Amino acid sequence: MLKRITIVLVLPFFFFGCKQKSDKVTHKHTNALINETSPYLLQHAHNPVNWEAWHPEVLERAQKEDKPLLISIGYAACHWCHVMEKECFEDEEVAQMMNENFINIKIDREERPDVDQIYMDAIQMMSGNGGWPLNIVALPDGRPFWGATYVPKDNWVKSLQQLTELYKNDKARVTQYATDLASGIHAINLVENAKDSDLYTLEQLDVAVANWSQYFDSFLGGYKRAPKFMMPNNWDFLLHYATANDKPELLEQVNTTLRRMAYGGVYDHVGGGFSRYAVDTTWHVPHFEKMLYDNGQLSSLYAKAYAVTKNEMYKEVVDETLAFVQEELWDENGGFYSSLDADSLNEEGELEEGAYYVWTKEQLTQLLGEDYSIFEAYYNINSYGLWEEGNYVLIKDKPDEEIAEKFNISVAELKTKMDSARKILKEERAKRSKPRLDDKILTSWNGLMLKGLVDAYRYLGNDAYLDMALKNAKFIETEMIKEDHSLFRNHKEGKSSINGFLEDYASVIEAYLALYEVTFDEKWLNHSKKLLDYTKVHFMDKESGMFFFTSDEDHSLIRRSIETNDNVISASNSIMAKNLLKFHKLYPDEGYGDIAKQMVINVQKDFDTSAQGFANWLHVVLYENQNFYEIALVGENYKTLGKEVASTYLPNSILVGSKQEGNLELLENRYVDGETYAYVCIEGTCKLPVTSSDKVLEQIKSFR
């Protein structure tokens, strides 16, 4: 019976968007979630279910009362989470059953990715699928024995009745199943220390990329599948690999992907910024929620691509994306909010996915007047751009030159007309009900956004982006870093309540190091190093050589996870490996490089067949197998020279600078009165000093 009831309707996560329901004026019920800060948890604070947040004392009470846990995990932008809330968790009869038989715990997966990881592995082991809402029933100690995603009310009630009877009448069997499942959850996350293996070679990497490239969509960009996620770490690595190894066909694939994503409906042509993914192969119809982490990573990617290609469209994408982020996700304290919902109120006052973003032909005709015909051709207000029920999602499929020629106008005139049209639409759209904002601030996502701002400043040269970056960096410094150099995970309305996870440390370490490279302010380098050293003490698994996702100072779960696979966000361990390799160049005697190299060796067995799932790791393979340049700038004009050097795309380099002698070994004994010198070095061995960025690039070429 146990195996039969574990297979309940489980729907793939990538088809489900996100919405939030309107606030109620009066509340018949209030539960313990009213004391939380997460917008997602607060949405459930007035359910008749006696929800509680994930706290050790709640688990302790469950064990005392011998009640199984009912754990429901979701997030503020999750459409099916709210469908299930409406159907099940707002129903008083369903709530009564849940309250009588379970300890009910609600979790915001974005606040507690550590818990989500474990139970997502559990449901995938039980059913082969996963998604959100993620509903788990577990023993009082947290070991799961049943799971499902979205479940309609009738099935939910039947399942809970069966589970209640099973727990009361055959607890031994349930316990044994949970014990076996917990062993499996441990086993699938083990990483062996492959200490006797050699590092992946360039020849092996060439084969892995060739295998990977079979899945490319050479016409529409991305991969030959739907839905299409942007996967910025994939194209970031391929940009590095293509430029470092003279692979024009791969660079073309990167450019095709970036162009098609920017042409697509997944990009907001009116307000800037990217939605989370496209449900089709053409990048046309998005899941309309906008996530901070996507827009941070894509800002970085497009800025780097601009540095390589000087394609003005890439610069426009960065500018428009960062304008969106500043307008919609920027808190006055310097932090960035998490997301905008997919759904908003339509004209009938009902929540509808995409209602804020789509247009009818009648609306566009009325708003744009004589420029409508050009707009129609430019953004495909035709069968190609049609979504559903007469609604259009704007999508380009032709370059500006082709449209301009068709209407016998200049490209400049076309741009002026389209800028004017988009301005009109943005003003009109502002009158609509806006998607709800998830205004919690997450450290790791802020780290990704900070890195995006730094790269935008570095490669586009816009000082406003550095100003934003510095304000965000100071916010993290003052609000998220504790006195012992540990981090908070979350922040809202002046309150932080959850300790940071490895992804928080990894992303902030990377962002602060990047900020140092464009400012040469050693404060950011020192913060970065202290955070790195903290992770070595509190997160490192000395047996495997990897880093746990959770600190040794946090409450123990079923396991301490080790995250290795790069997904829409790079794995925390892959970011750490890159960080460690770069810190090795600055502090060669501290063993950082040995740790980074061993981490890559431990996971490289999967590179041959799954390179796209380890894309961020592959940077380190290039760092280790090709020249990596330490560029030291010393003298009165070190910042000016540094800005010139930094604007060139040099992924296999690190930049340090000071006015006179600096505290880093690379800066020692370099100062010459009255001169500003640049030193290009490999592992501390340097060429003769030069005085211009052109000479720096010449020396780098001569090293090859």
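Note that the coordinates shown come from a computational prediction; the quantities given were computed from them, not determined experimentally.

Asker: Would you explain the overall build of the chain in this entry?
Answerer: A tally of helices and strands in the chain yields 27 helices and 23 strands. Radius of gyration (C-alpha) of the chain: 26 Å, near the 27 Å computed for a compact globule of 704 residues. Considering only C-alpha atoms, the chain reaches an extent of 80 × 70 × 45 Å along its principal axes. Taking the contacts inside the chain whose residues are at least 6 apart along the sequence as the reference set, 70% of them involve residues at least 24 apart. Of the roughly 27,500 Å² of accessible surface on the chain, a fraction of 46% belongs to carbon and sulfur atoms. Taken as two groups, the 74 positive and 110 negative side-chain charges of the chain have centres that lie 1 Å from each other.

Asker: Quick question: what am I supposed to make of the state of the cysteines here?
Answerer: Here, disulfide denotes a covalent bond that connects the sulfur atoms of two cysteines. Inspection of every chain in the model, using the stated rule, returns two disulfides. Between the sulfur atoms of cysteine 78 and its disulfide partner cysteine 81 the distance amounts to 2.3 Å. Handedness here is read from the sign of the S-S torsion; for cysteine 78 and cysteine 81, about 85°, the answer is right-handed. Given a relative accessible area of 1%, cysteine 78 falls into the buried group. The disulfide partner of cysteine 681 is cysteine 686, and the S-S distance across this bridge is 2.0 Å. As the torsion about the S-S bond is roughly 95°, the cysteine 681-cysteine 686 disulfide counts as right-handed.

Asker: Help me understand the nonpolar core in this model?
Answerer: For soluble globular proteins, the rule of thumb is that nonpolar side chains tend to be buried together. Ranked by internal contacts, the top residues of the largest apolar core, which has 159 residues, are Trp212, Phe237 and Tyr302. The element best represented in this core is helix H20 (residues 502-519), accounting for 12 residues. Leave out the neighbours within four places in its chain, and tyrosine 302 touches Leu258, Met261, Ala262, Phe274, Tyr314, Val317 and Val318.

Asker: What's the story with the sheet that holds strand E2 (residues 103-108) in this structure? I'm lost.
Answerer: Sheet architecture is open: four strands sit in the order E2-E1-E3-E4, paired in mixed fashion. Bordering the open sheet on either side are E2 and strand E4 (144-148), each of which pairs with just one other strand. For this sheet, the mean angle separating the axes of adjacent strands, direction not counted, is 20°. Where strand E3 (residues 134-138) and E4 come together, four bridges link them in antiparallel fashion. Each bridged residue has a counterpart across the sheet, and for valine 137 the counterpart in E4 is tryptophan 146.

Asker: Is there a simple way to explain the environment of arginine 109 in this structure?
Answerer: One can find arginine 109 in the loop between E2 and helix H6 (113-127). Judged by relative accessible area, which is 24%, arginine 109 ranks as partly exposed. Arginine 109 sits 310 residues away from aspartate 419 along the chain, and the two C-alpha atoms are 39 Å apart. Apart from residues lying up to four places away in sequence, arginine 109 is in contact with Ile73, Gly74, Tyr75, Asp116 and Trp132.

Asker: What am I meant to see in the pattern of salt bridges here?
Answerer: Side chains carrying opposite charge are able to pair once their charged atoms draw close together. For the structure shown, the criterion picks out 41 salt bridges. The shortest N-O distance in the salt bridge between glutamate 110 and lysine 440 comes to 2.7 Å. Linking glutamate 110 in the loop between E2 and H6 with lysine 440 in the loop between strand E15 (437-438) and strand E16 (441-442), this pair joins segments that are 330 residues apart in sequence. As far as the burial class goes, glutamate 110 and lysine 440 line up, both buried. Lysine 290 is the salt-bridge partner of aspartate 268, the closest N and O atoms lying 2.8 Å from each other. Of this pair, aspartate 268 sits in the loop between helix H11 (248-263) and strand E6 (277-278) while lysine 290 is found in strand E8 (residues 290-291), placing the two residues 22 residues apart along the sequence. When salt bridges that share partners are traced, they join Asp108, Glu110, Asp438 and Lys440 into one network.

Asker: Before we go on, may I ask you to explain the side chain of serine 507 in this structure?
Answerer: For serine 507, the location among the structural elements is in helix H20. Here serine 507 falls in the buried class, since its relative accessible area comes to 3%. At 3.1 Å, the side chain of serine 507 forms a polar contact with the backbone oxygen of serine 444. Looking at serine 507, its side chain comes within polar contact range of the main-chain oxygen of aspartate 504, at 3.4 Å. Excluding residues that lie within four positions of it along the chain, serine 507 makes contacts with Thr443, Ser444, Gly447, Leu448 and Ile575.

Asker: For this particular structure, what's the right way to read the packing of helix H21 (residues 522-538) against helix H22 (residues 572-586)?
Answerer: Axis angle and axis distance: for two packed helices, these are the angle between their axes and the distance between the axes, and together they describe the pair. In contact at an axis separation of 11 Å, H21 and H22 are set at 120° when each is read in the N-to-C sense. One finds that H21 runs oblique with respect to H22. In this structure, the crossing between H21 and H22 has a hand that is left-handed. Here H21 contributes Leu525, Ser528, Lys529, Leu532 and Thr535 to the contact with H22, which in turn contributes Met576, Leu580, Phe583 and Leu586.

Rules and cut-offs
Residues numbered from 1 in each chain as written. Predicted model: local features only at pLDDT ≥ 70, side-chain atom pairs only at ≥ 80, totals over all residues. Heavy atoms only, no water. Helix = DSSP H or I, 4+ residues; strand = E, 2+ residues; numbered from the N terminus. Rg over C-alpha atoms; globule rule 2.2 N^0.38 Å. Contact = heavy atoms within 4.5 Å. Areas by Shrake-Rupley, 256 points an atom, 1.4 Å probe, with all protein chains shown as cover. Lys, Arg positive; Asp, Glu negative; His and termini not counted. Charge placed at Lys NZ, Arg CZ, Asp CG, Glu CD. Disulfide = S-S within 2.5 Å. Buried < 20%, exposed > 50% of the residue type's maximum accessible area, 1.4 Å probe, protein only. Core = buried A, V, L, I, M, F, W, Y, C linked by side-chain atoms within 4.5 Å. Pairing = 2+ DSSP bridges. Axes fitted to C-alpha atoms, helices over the stretch in contact; angles between N-to-C directions. Salt bridge = Lys/Arg side-chain N within 4 Å of Asp/Glu carboxyl O. Polar contact = N/O pair within 3.5 Å; in protein donor to acceptor, adjacent residues only side chain to side chain. Parallel < 35°, antiparallel > 145°, perpendicular 65-115°, else oblique. Left-handed = near helix turned anticlockwise from the far one by under 90°.

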